[in-house]
Amino acid sequence: MFYIPVIVFFMLIAACRDDNKVDSEKPYIDISIAGAFPTNCDTIYFGETFLLKMAFSDNVELGAYSIDIHNNFDHHSHSTEVTECNTDPVKNPVNPYVFINDYAIPQGSKEYEINLPISIPEGNDAGLFDNGDYHFFISLTDKEGWSSQKGLSIKMLH
Amino acid sequence: MSKLVVLVLYMAFFYSLSFGQNYSVLKGIVVDENNQPLTGASILLNPIKTGMVTDINGQFVIDRLPKGSYIIDISFIGYKTHVDTILINKSISYKAQLEVANLSLHEVIVTDNYAENRKKEESLNVEIVNDTYLKQNLGGSLMNSLERLPGVTTIAIGSGQSKPVIRGLGFNRIVVVENNIKHEAQQWGTDHGLEIDQYAVDNIKVIKGPASLMYGSDAIGGVIDMKNRNLPTNNSFGGTLDLTGKTNNNLLGTSISLYGRKNWFFTNARATYINYADYKVPTDSVDIYSYRAALRNNYLRNTAGYEKNLHLTLGIIQNGFQSKLFVSTVNSKSGFFANAHGLEPRNVDAELHDQSNRDINYPYHNVNHLKVVNTTHYNWEHSKLEFDLGYQRNLRQEWSEYVSHGYMPPVFPGSLSFDPELEREFEKYVYSGNVKFSQQVNDKTDWMVGMNGELQDNKIDGRGFIIPEYNQFSLGAFVFAKYSFTERSRIQLGLRYDYGKIETSEYHDWFPSPVVENGSTSLQYLQRAGNIDRSFSNITWSLGYNYDLEHWSLKANIGKSFRIPIAKELAANGVNYHRFSYEVGNSDLSPEISYQLDLGVEYHSKQFAIGATPFLNYFSNYIYLNPSSEFDRLYGNGNQVFYYTESEVFRYGVEVHAHYKLLPNLQLGIISEYVYSEQLSGEKKGFTLPFSPPASIILNLRYQKRKMIFIENAYASFDYRITTLQNDIVPPEETTDGYQVVNLSFGGEIQFKNQKVNISMQVQNLLNTKYFNHTSYYRLINVPEPGRNFIVNVSVPFLGKI
């Protein structure tokens, strides 16, 4: 049939293609390890220090990670997790807590377990931070720039 | 009352060609009633199926004609097809007269011959389609309707908008030209669609491959060139009413055009209104990362939209002179899928969103594009002078509920100049102009010289920052020549010089961020962009060769193309909330340079045709948004940093098309495309490029009949599309499985007494297959492509005499 040359052409191209061994796998955030914190629906207390505990892994080499905590008083965002948490009624923020930080991972790590103490202050110049629903967002990269995210719904209370 | 189009074929002088005495040459010129050459008129000689298109001077030549009797068939939009029998026993001249088309523009069937012959003429690979093709393949947007063309794919944003991608290159690497003026909008954005009213387009040329020579910077990947060529016949008025309906997104659309001509004055007006609801996908939930967002009745929440467009054309036509003024305004508003704006799954007020499929809630975007274009040309016997002037204003706004990102205040302060819900606004003013002079020196040589200039003024507003305000100026001049060695072989070459300048303005955040310096924290309004002032210049060239035989046509083109870096690549410094990536420009980037070799081989006989258009392409510095492993806590709000970098890229690919006449009315066809890209250097060495389309093949069966019972020009077409999996990806893409989709289309013309009605129907995704399009805007959050969609377009032309 006349389309045989077409197919042959495609096969030739496919055959000529050198299969690149490039990294095409995303890193992985594991919050199911024993003692992992926080997980979805957990509570973090103002004025206390909590231990961030979770495991990261990648097929080649881990890059860096960042933590972002922001208020979810208007329920604008949803966790990436399947479990639903009980949320407080929608409210307007007065002095909500914001936390943004990024952290390095030792070079050459394929697996890395974080045990990072993070201190949460009671308040700032404007007074005490608002109680309520917050969103805890963890982002992890590997050396090639692949990334994984976890968005957790948490409560922050005094 | 010259109601007739006069076709004057003039006695051309012949020079005896070296081929044998058994062959003859037919030469002629086609002009309209005003003695203007008809450029692009299609000549077909049967039964040998040899075709030609008239050149800019309305002339054509058909060579290597064996002695015998032929049927000549000359067609042009707006004029009645002329058919005559001629006897050729020596090289002859031929005189004839054409009659005007006294029904409507749609009376004339523009044979595919026009396109076939234009394709032969160009040394680059081109596809040409007309409005009939568009109606038969009508999609949600112009690019969507063109997606079936080999080498053309799209980046779809919902059901009503899409971006052009040619052989895997898109965004600012594709130039869109409407009536000779480059369409300028926010084409750098992934969520930006093309502001073109597809009802108002009657002729589209798609150039596959770099065409900087004629189109300047940005045409490095290809060109979509649209022209409104239709000219009403003298002392007539008419119009068309189009009605469109689609079941998947409950779309209702109408477009009405009215045109008229009295002697030297003609006018054309069009109004288009399209309204569509949320579109349906063959799934009841979407997995945004591991969170499963439920969809109500398969509707993709908040993807409804509308489009309202107005066009007015005024024209003057005199002996050898034609001037047209086009004024158009294209307006659209459409929602984004409410459950995902950025990477985070979003809580939606399901009650609010699901109360109607037609309302548009936050987040949404609206676009207004105003265009005023004048095109003027003078024609002399062997030369032509063209002027184009254009003014455009593009306004694009993205709206969403105020959510503080990073260090933005949790409650929006009331004292700011912009609306808290206005996420981003881009406003662009563009002034452009072209001059072109072309001349036929003799039978063998044509040449052309031209200049293009453009000035842009870009403003921004809103709470989010991604690119600064900027001004841009570009000026280019080119010379192009075509020389025919023999009637069958010709060479084309061109040279171009470009100068470009871009100036960005500084930008400071409207909110303070806590900056830690020497152990103490202070609140600072961060500077996101500085004043960048760059200028660029470049020389590009192109060399092409065509060789035509009776059944074969061969073409080759090699050329250098370039692209000036855009403001986003030089000065981006902000979070892209659609991806939660922090994008950083590089003010030191150099112009992107690309070298490409294009080939085209085609064999055609009465029964069978096959063609292949392979290409090889090398970029010395492809500009690319490279995801790093870093995060930025201040400017980037803790998001992953993507840097604009340059890398060497090698690409190759091919489109193959073939058709075979199984029966007189039944044709089997194949359209396939493949492109491979690899980065040869830089941090992503070995990786492909973003948005690389997977290979695909369309197997087509088409039945066509001039008259079937009461239907004229009846057609029925069956497309079986096979797309392979795409596992050649770059971060943050996902591999996409292959898929198979069946599309049907059928229609024809029905005569109700004196009224003709054109009906085109389609069933897209006949089997309601759930599949993912690798280059869709919503691919990353696992939104499948639209489910089964019945599309009906009814077109009612009418005509009268003044």
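Cut-offs used in this document
Residues numbered from 1 in each chain as written. Chains lettered and ligands numbered in written order. Predicted model: local features only at pLDDT ≥ 70, side-chain atom pairs only at ≥ 80, totals over all residues. Helix = DSSP H or I, 4+ residues; strand = E, 2+ residues; numbered from the N terminus. Rg over C-alpha atoms; globule rule 2.2 N^0.38 Å. Buried ≥ 20, exposed ≤ 12 C-beta atoms within 10 Å, placed from the backbone. Contact = placed C-beta atoms within 7 Å. Core = buried A, V, L, I, M, F, W, Y, C linked by C-beta atoms within 7 Å. Pairing = 2+ DSSP bridges. Nonpolar A, V, L, I, M, F, W, Y, C, P; charged D, E, K, R; others polar. Axes fitted to C-alpha atoms, helices over the stretch in contact; angles between N-to-C directions. Domains from an automatic or database assignment. pLDDT = per-residue confidence, 0-100.

### Quick notes on the overall build of chain B
- Across its full length, chain B carries 6 helices and 44 strands.
- For 802 residues, the compact-globule estimate of 2.2 N^0.38 gives 28 Å, and chain B sits close to it at 27 Å.
- Here the C-alpha coordinates of chain B stretch approximately 95 × 55 × 50 Å along the principal axes.
- The buried share among the 802 residues of chain B stands at 51%.
- For chain B, the share of sequence-separated contacts (at least 6 apart) that also reach a separation of at least 24 residues comes to 65%.

### Quick look at the overall build of chain A
- For chain A, the helix and strand inventory stands at 1 helix and 10 strands.
- Reading chain A from its N terminus to its C terminus gives the helix and strand order α-β-β-β-β-β-β-β-β-β-β.
- In chain A, buried positions account for 34% of the 158 residues.
- When contacts within chain A are restricted to residue pairs at least 6 apart in sequence, those whose partners lie at least 24 apart make up 79%.

### Topic: the nonpolar core
- Membership of the largest hydrophobic core comes to 63 residues, with the highest contact counts inside it found for V206(B), A211(B) and V223(B).
- Not counting chain neighbours up to four residues away, the residues in contact with V223(B) comprise V175(B), V177(B), I207(B), A211(B) and Y215(B).
- Counting 51 residues, the second-largest nonpolar core is a separate cluster that includes Y134(A), F465(B), Y622(B) and V641(B).

### So, the environment of S629(B)
- Within the secondary structure, S629(B) sits in strand β37 (residues 608-632).
- The buried category is assigned to S629(B), around which 23 C-beta atoms lie within 10 Å.
- Once the C-alpha coordinates of S629(B) and V641(B) are considered, the two residues, 12 residues apart in sequence, prove to be 7.2 Å apart.
- Excluding its chain neighbours within four sequence positions, the residues that come into contact with S629(B) are G63(A), A64(A), T141(A), D142(A), K143(A) and G145(A).

### What about the pairing of strand β8 (residues 125-130) of chain B?
All names here are of chain B.
- Most of β8 sits inside the fold, with 6 of its 6 residues counted as buried.
- Burial along β8 is two-sided: the face carrying N125, E127 and V129 and the face carrying V126, I128 and N130 are both buried.
- With 6 bridges joining them, β8 and strand β13 (residues 203-208) adopt antiparallel strand pairing. Bridged to N130 within β13 is N203.

### Regarding the environment of G390(B)
- Structurally, G390(B) can be placed in strand β23 (residues 383-399).
- Ignoring anything within four residues of it in the chain, the contact list for G390(B) reads I181(B), K371(B), V373(B) and S432(B).

### Overview of the pairing of strand β14 (residues 222-226) of chain B
Residues and elements named next belong to chain B.
- Within β14, 5 of the 5 residues are buried, leaving the element largely enclosed by the surrounding structure.
- Side chains G222, I224 and M226 project from β14 onto one buried face, and the interleaved V223 and D225 project onto a second face that is buried too.
- One ladder, built from 5 bridges, connects strand β11 (residues 174-178) with β14; its direction is parallel. Residue pairing for β14: E178 is matched across the bridge by M226.
- As paired strands, β13 and β14 are joined by 5 bridges and run antiparallel to one another.

### Considering the interface of chain B and chain A
- Contacts between the two partners involve 40 residues from chain B, matched on the other side by 40 residues from chain A.
- Listed by contribution, the elements that provide at least two residues to the side of chain B that touches chain A are β19 (291-294), β37, β38 (639-663) and β39 (666-679) of chain B.
- If one sorts the elements of the side of chain B that touches chain A by residue count, β37(B) sits on top with 8 residues.
- A class-by-class count of the residues in the side of chain B that touches chain A yields 23 nonpolar, 11 polar and 6 charged.

### Description of the sheet that holds strand β9 (residues 132-142) of chain A
All names here are of chain A.
- Judged by pairing direction, the sheet is mixed, and its 5 strands sit side by side in the order β2-β10-β9-β4-β5 without closing on themselves. Of all the strands in the sheet, the pair left with one neighbour each is β2 (43-45) and β5 (99-104). Averaged over all pairs of adjacent strands, the angle between their axes in this sheet comes to 25°, without regard to strand direction.
- Relative to strand β10 (residues 147-157), β9 is paired through 10 bridges, and the arrangement is antiparallel. When the sheet's bridge partners are listed, F137 is paired in β10 with G151.

### Focus: the sheet that holds strand β1 (residues 28-30) of chain A
All names here are of chain A.
- Read from one edge to the other, the open sheet built from 3 strands follows the order β1-β3-β6, with strand pairing classed as antiparallel. With one partner strand each, in any of the chains shown, β1 and β6 (111-119) form the two edges of the open sheet. Each strand of the sheet is rotated relative to its neighbour by a mean of 30°, with strand direction disregarded.
- With 9 bridges joining them, strand β3 (residues 49-57) and β6 adopt antiparallel strand pairing. What sits directly across from F56, in β6, is Y112.

### A short note on the domain arrangement of chain B
- By domain assignment, chain B separates into domain 1 (23-100) and domain 2 (117-410 + 423-517 + 536-801).
- The C-alpha centroid of domain 2 of chain B is placed 34 Å from the C-alpha centroid of domain 1 of chain B.

### Some details on the confidence of the model for chain B
All names here are of chain B.
- Here chain B averages 87 in pLDDT, and 92% of its residues register 70 or above.
- In this model residues 1-21 is a low-confidence stretch, pLDDT under 50, and it forms 44 contacts with partners more than four residues away in sequence or in other chains.
- Here residues 102-113 is a poorly scored stretch, pLDDT under 50, and it has 33 contacts once near neighbours within four places are set aside; other chains count.

### Focus: unusual backbone geometry
- For the peptide bond that leads from F37(A) to P38(A), omega is -10°, which places it in the cis range.
- Relative to the helices and strands, P38(A) resides in the loop between β1 and β2.
- P731(B) connects to P732(B) through a cis peptide bond whose omega is 0°.
- You can see P732(B) is positioned in the loop between β41 (711-723) and β42 (739-752).
- In the Ramachandran plot, R167(B) falls in the positive-phi region, its phi being about 45° despite a non-glycine side chain.
- Among the secondary structure elements, R167(B) is positioned in the loop between β10 (161-166) and β11.
- By C-beta crowding, R167(B) is classed as buried, having 30 other C-beta atoms within 10 Å.
- If you check the backbone angles, N250(B) has positive phi at about 45° while not being a glycine.

### Topic: the environment of E749(B)
Residue and element names in this part refer to chain B.
- Locating E749 in the fold gives a position in strand β42.
- A tally of 19 C-beta atoms within 10 Å means that E749 is categorised as partly exposed.
- Separated by 46 residues in the primary sequence, E749 and S795 place their C-alpha atoms 9.3 Å from one another.
- Here E749 is in contact with I711, E712, N713, K756, V757 and N758, once residues within four sequence places are set aside.

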